[in-house]
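# Analysis of the macromolecular model
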Amino acid sequence: MAGRVTQNMMNAQLLRNLNYNLSQMNRLQNQVATGRKINKPSDDPVGITYSLRYRSELAANEQYQKNVDHAISWLEFTDSMLNQANNVLQRVRELAVEGANGTNDQTALDAIRSEIEQLREQMVTIGNSQFNGKYIFNGQYTDVKPYSEGLTVDPATGETVSEAAKSVTDMSKIQYEVGVGVKISVNISGNEVFGGPNDEDNVFRILDELVIALKNGKYEDVGAALGKLDSRMDSFLAKRSDIGAMMNRIELSQDRLEDIGINLQTLQSKTEDADVAELITNLKTYENVYQSSLAVGARLITPSLVDFLR
């Protein structure tokens, strides 16, 4: 037996249909306005989980890229300081070769000594180089100056020597995380670069020996320092080679992170971004449906008691 359909039931059904069409139009208009098909979790409960995961991975990838940028800047600055130190040593060697010449009188030796003393101060300044307010040659003690700038009297010889020759720098490594569980060291300790306090080729000790030898007019001691100077220069070149190897690895990591970022953005776009052309087409369809619903509703509600009495 068919149920009885009343006017109220027809009116209620009409309102439900109109509200449904309006809600669909509102959803589509919101997606067109934002350009995203997921604006709240209920839009796509499964898609939102992927979207949040991609966002999290993108945020982590961006931080890794920042770490890589900082690491590259640190290494570039370190290499620049090593280049300056190598230039200083080159000049010291030229002066040492000139000072080892026995034809020089004491006045000439004093002039050479004076320049080497200035170069010694410059080497200490390089050893205390700072990048973004951090000392680069003192391991993880980046807030502590690694080399003293003063002079002291050696009690054994009575000669004035630099305190930097006795400095012990921290050997700990500064590491940047450039991937999940991937860390790269970016620093080199000052003792590795300039020599430890017990090393015969400690650059500050060599400079002290040259100053003392030139002061006392000992040509043979000046010549003997050349071999130690060459040894330290070789160490400089080896450390610059290490810096280059670290730079190459970090640049490879940088390229890898850029590729990962592009892939994640593509996946996120496929999950979140809306197809504007499809949305506009669907929106126009629902607009037509809504207009048709209004037209049908107008005909449905038109009859009145007067119409039945005619």
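Residues numbered from 1 in each chain as written. Predicted model: local features only at pLDDT ≥ 70, side-chain atom pairs only at ≥ 80, totals over all residues. Heavy atoms only, no water.

Turning our eyes to something else, we now look at the pairing of strand E5 (residues 175-179). The side chains of a regular strand alternate, first on one face of the sheet and then on the other. The pairing of E5 with strand E6 (residues 182-185) spans 4 bridges and is antiparallel. In the sheet register, Glu-177 faces E6, and the bridge partner there is Lys-183. Between the antiparallel neighbours E5 and E6 lie 2 residues, among them Gly-181 with a positive phi of about 75 degrees. (Pairing = 2+ DSSP bridges. Helix = DSSP H or I, 4+ residues; strand = E, 2+ residues; numbered from the N terminus.)

Our focus in this paragraph is the pattern of salt bridges. Oppositely charged side chains may form a pair once their charged atoms are brought near each other. One pass over the structure, following the stated rule, counts 15 salt bridges. For Glu-192, the salt bridge is made with Lys-239, and the minimal N-O distance between the two is 3.5 Å. One end of the pair, Glu-192, is in helix H4 (residues 190-194); the other, Lys-239, is in helix H6 (residues 219-272), and 47 residues separate them in sequence. One continuous salt-bridge network, built from bridges that share partners, spans Lys-173, Glu-192, Lys-239 and Asp-242. (Salt bridge = Lys/Arg side-chain N within 4 Å of Asp/Glu carboxyl O.)

Another point: the packing of aromatic side chains. Here a ring pair, both rings aromatic, is described through the centre-centre distance and the interplanar angle of the planes. Within this structure, the stated rule accounts for 8 aromatic pairs. Where Phe-77 meets Phe-131, the ring centres are 5.4 Å apart and the plane angle is 35 degrees; that geometry is what we call tilted. Linking Phe-77 in helix H2 (residues 45-99) with Phe-131 in strand E1 (residues 130-131), this pair joins segments that are 54 residues apart in sequence. The class for Phe-77 is partly exposed, based on a relative accessible area of 22%. (Phe/Tyr/Trp six-rings, centres within 6.5 Å; stacked < 30°, edge-to-face > 60°. Buried < 20%, exposed > 50% of the residue type's maximum accessible area, 1.4 Å probe, protein only.)

With 22 residues, helix H3 (residues 106-127) should cover 32 Å at 1.5 Å per step; its first-to-last C-alpha distance of 31 Å lies within 8% of that length. Looking only at H3, the buried set comprises Leu-109, Ile-112, Arg-113, Ile-116, Leu-119, Arg-120, Met-123, Val-124, Ile-126 and Gly-127. On an axial view of H3, the arc spanned by its buried residues comes to 145 degrees, and they lie on one face. Along H3, exposed side chains directed more than 90 degrees from the buried face belong to Thr-107 and Glu-121. In this structure, the buried residues of H3 make contact with H2, strand E3 (151-153), strand E4 (160-162), H4, helix H5 (203-216) and H6. (Expected span 1.5 Å × (residues − 1). Arc of directions from axis to C-beta. Contact = heavy atoms within 4.5 Å.)

The biggest cluster of nonpolar side chains holds 54 residues, and the ones touching the most others in it are Ile-116, Met-123, Val-186, Phe-194, Phe-204, Leu-210 and Ile-250. Elements supplying a minimum of two residues to this core: H2, H3, E5, H4, H5 and H6. Looking at this core, the element that brings in the most residues is H2, giving 14 residues. Among all residues touching Val-186, those that are not within four sequence positions of it are Ala-71, Trp-74, Leu-75, Ile-174, Tyr-176, Met-246 and Ile-250. (Core = buried A, V, L, I, M, F, W, Y, C linked by side-chain atoms within 4.5 Å.)

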